Amino acid sequence: MKINYGGNDLTKYFKVLDVKRQLLPSRMNYTKEIPSINGEYYSGYKYGIRTIEVDFAIIGDSKEDFFAKSRELAAMVDVVIPTKLEFSDEPDKYYYAVVDGSIDIEQIVNYGCGTISFICHDPIAYSKEEKIFTASEDNKLTIDNKGTAFTEPLINVAFGQDAHFLQCTYFTGETVLIGARPDVDKPEVSPSDVVLEEKCEVTTNFTSVGNVL
């Protein structure tokens, strides 16, 4: 098995003995106790962190080579922010992880074994495959999440011509509307960048508010 971390192949420096991965990260359920009602009311859940443990062995050609590989490995996993972690047996997925705790190596001359604990504060496994969606003839675009985890998308829209509104609707009916649908009873007006135009020559359009600026 190969393990890639931050664009570096860690298996250049060690041999993978075992990888322990969780089927699901720890799940925390939330409930509310309501008087006079049996049991509790379920109010939702969230997933905690995900941990991945890698048991490895460093085999050096000599004692010096062993220490050189150990130092290179230490430099590869010493990161500042969560970094992409990939496994060759999951070629289409990656995680964001940092090393947790210490990496202790039991050394005998030019051989040593130990365990690296990776912690994923974002417990989701991400797909490497980009999905491209195309709008239909009526300018409606349906985005279907093929993953197994609920996701909150970031939607960026670039208009190729003037538009009245942008509407995003979830499959359950919740809708976000930016702008306003055209009203046939109101005349069309050209767009303007003017927010306020006041020459301050008379006070007719102002209201007294005392000494508040």
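1. So, the pattern of salt bridges
Thought 1: Enumeration over the complete set of coordinates arrives at seven salt bridges.
Thought 2: R21 is paired through a salt bridge with D89; the nearest N and O atoms lie 2.6 Å apart. Of this pair, R21 sits in strand β3 (residues 15–21) while D89 sits in the loop between β7 (83–87) and β8 (93–99), and the two are 68 residues apart along the sequence.
Thought 3: We classify D89 as partly exposed; its relative accessible area is 42%.
Thought 4: As a salt-bridge pair, K128 and E86 come within 2.5 Å of each other at their nearest N and O atoms. Here the residue K128 occupies a position in the loop between β11 (126–127) and β12 (165–169), and E86 occupies one in strand β7, the gap between them amounting to 42 residues.
Thought 5: Taken together, the shared-partner salt bridges in this structure form one network comprising D18, K20 and D55.

2. Here we look at a nonpolar patch on the surface
Thought 1: Taken together, the side chains of L17, I59 and Y111 define a hydrophobic patch exposed on the protein surface, amounting to about 280 Å² of accessible area.
Thought 2: The topology assignment puts I59 in strand β6 (residues 50–59).
Thought 3: On the basis of relative accessibility, which here comes to 48%, the residue I59 falls in the partly exposed class.

3. What to know about the side chain of R50
Thought 1: The residue R50 is located in strand β6 in this model.
Thought 2: For R50, the residues in contact, after removing those within four places along its chain, are Q22, L23, P25, Y95, F118, I119, C120 and P123.

4. Focus on the confidence of the model for the protein chain
Thought 1: For the protein chain, per-residue confidence averages 85 on the pLDDT scale, and residues scoring 70 or more make up 93% of the total.
Thought 2: Highest mean pLDDT in the protein chain belongs to β7 (95); lowest belongs to β12 (82).

Definitions and limits used
- Each chain has its residues counted from 1, running along the sequence as written.
- Local features in this predicted model are restricted to residues of pLDDT 70 or higher, and side-chain atom pairs are both shown and tallied only at a pLDDT of 80 or more, whereas totals for entire chains, interfaces and linings draw on every residue.
- Derived side-chain values reflect all non-hydrogen atoms in the structure, with water molecules and hydrogen atoms excluded from consideration.
- When a carboxyl oxygen of Asp or Glu is within 4 Å of a side-chain nitrogen of Lys or Arg, the pair counts as a salt bridge.
- By definition, any uninterrupted DSSP run of H or I lasting at least four residues is a helix, any uninterrupted run of E lasting at least two residues is a strand, and each is numbered from the N terminus.
- Under the scheme applied here, a residue whose accessible area is under 20% of the maximum for its type counts as buried, over 50% as exposed, and between as partly exposed, the area being computed with a 1.4 Å probe on protein chains only.
- Nonpolar side chains (Val, Leu, Ile, Met, Phe, Trp, Tyr) within 5 Å and like charges within 9 Å form the patches, drawn only from residues with over 30% relative accessible area and no salt bridge.
- For the accessible areas, the method is Shrake-Rupley and the probe is 1.4 Å, while residue cover comes only from the protein chains on display.
- Contact criterion: two residues are considered in contact whenever any of their non-hydrogen atoms come within 4.5 Å of each other.
- Per-residue confidence from the predictor is reported as pLDDT, which spans 0 to 100.

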